[in-house]
Amino acid sequence: EEIVEHVEDLQADKILAWQDRHIFLIGFLVGIVLPGLVGFALLGNVHGLLGGIIYGGFLRVVVVHHGTFLINSAAHTWGTQPYSTANTSRDSPILSLFTFGEGYHNFHHTFQADYRNGIKWYQFDPTKWLIKIFSIVGLASKLKKTPQHSIDIALLDMKIIKNTRKLDGRSIDSALYVDKMKSTRDNLRSQMYNLYKATNEKKKGSKSNSEELSAKIIQLKKNIATGQEEISAIFKDINNAKPIRA
């Protein structure tokens, strides 16, 4: 059965179409032959040619490919799962050093459309930085970025899962605290989403209700702060509950 690809815009691009037809030849010339020519130009002899081909070509390909494939093994084995347990992906700052930021794999699996992997400024993600630079100079546009409230809710959901597991074997009303966490979580999600909408509406520059929006944003932030204090208190109660002795 023929597979129909709905990428008419890409197929209409003559440069992309040419690249697709000659992808392996281009890869060989640029990835293997070109490093050899650079080595020959630098040393002016056959040793430079072979050195460029071997070290700049074949060895580089092996190292880069193994670094790439490392993601589908190590990044599903070692690290933490701060955003989701729906799959085995994990975040590992150590792996990110060897994979240009791809080590933050749990975030990538949870928010696949996001151009970032390490979302915090100190997380090593040179790919993210390069894409951002491209957008600043006009070489990239419309970067996909997950709304912060979606990230915050994912983080909260994982904390709730971890604390729910702690309820077993503790001298505490499990059903009551599960209901408390769910209720507080749902309220926080609603408040965060409303803050996201109100902030975006204000950015659009509507002068007619600017003051009203500002007041609404302030109130929503207060509601969110209160909700975060409530969920923290619930977590504290769970952690402080004494284990049931057999």
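Residues numbered from 1 in each chain as written. Predicted model: local features only at pLDDT ≥ 70, side-chain atom pairs only at ≥ 80, totals over all residues. Heavy atoms only, no water.

A. Looking closely at the overall build of the protein chain. Across its full length, the protein chain holds 10 helices and zero strands. Scanning the protein chain from its N terminus toward the C terminus, one meets helices and strands in the order α-α-α-α-α-α-α-α-α-α. Of all 246 residues assigned to the protein chain, the portion counted as buried reaches 29%. Counting only carbon and sulfur atoms, one obtains 61% of the accessible surface of the protein chain, whose full area is about 17,100 Å². Of the charged side chains in the protein chain, 31 are positive and 23 negative; the average position of the first set lies 8 Å away from that of the second. (Helix = DSSP H or I, 4+ residues; strand = E, 2+ residues; numbered from the N terminus. Buried < 20%, exposed > 50% of the residue type's maximum accessible area, 1.4 Å probe, protein only. Areas by Shrake-Rupley, 256 points an atom, 1.4 Å probe, with all protein chains shown as cover. Lys, Arg positive; Asp, Glu negative; His and termini not counted. Charge placed at Lys NZ, Arg CZ, Asp CG, Glu CD.)

B. Structural view of the packing of aromatic side chains. Going through the model one piece at a time under the given rule, you end up with six aromatic pairs. Judged by centre distance (5.1 Å) and plane angle (50°), the rings of Phe-107 and Phe-111 are tilted. The pair formed by Phe-107 and Phe-111 is uniform in burial state, with each residue classed as buried. For the pair Phe-124 and Trp-129, a centre-to-centre distance of 5.8 Å together with 90° between the ring planes defines the contact as edge-to-face. Phe-124 sits in the partly exposed class, given a relative accessible area of 31%. (Phe/Tyr/Trp six-rings, centres within 6.5 Å; stacked < 30°, edge-to-face > 60°.)

C. The arrangement of a nonpolar patch on the surface in detail. A contiguous nonpolar patch, built from Leu-25, Phe-28, Leu-29, Val-30, Leu-34, Leu-37, Val-38, Leu-42 and Leu-43 and spanning about 890 Å² of accessible area, is present on the exposed surface. Following the sequence through the fold, Leu-43 ends up in helix α3 (residues 23-43). Leu-43 sits in the exposed class, given a relative accessible area of 58%. (Patch = residues over 30% accessible without salt bridge, like charges linked within 9 Å, V, L, I, M, F, W, Y side chains within 5 Å. Salt bridge = Lys/Arg side-chain N within 4 Å of Asp/Glu carboxyl O.)

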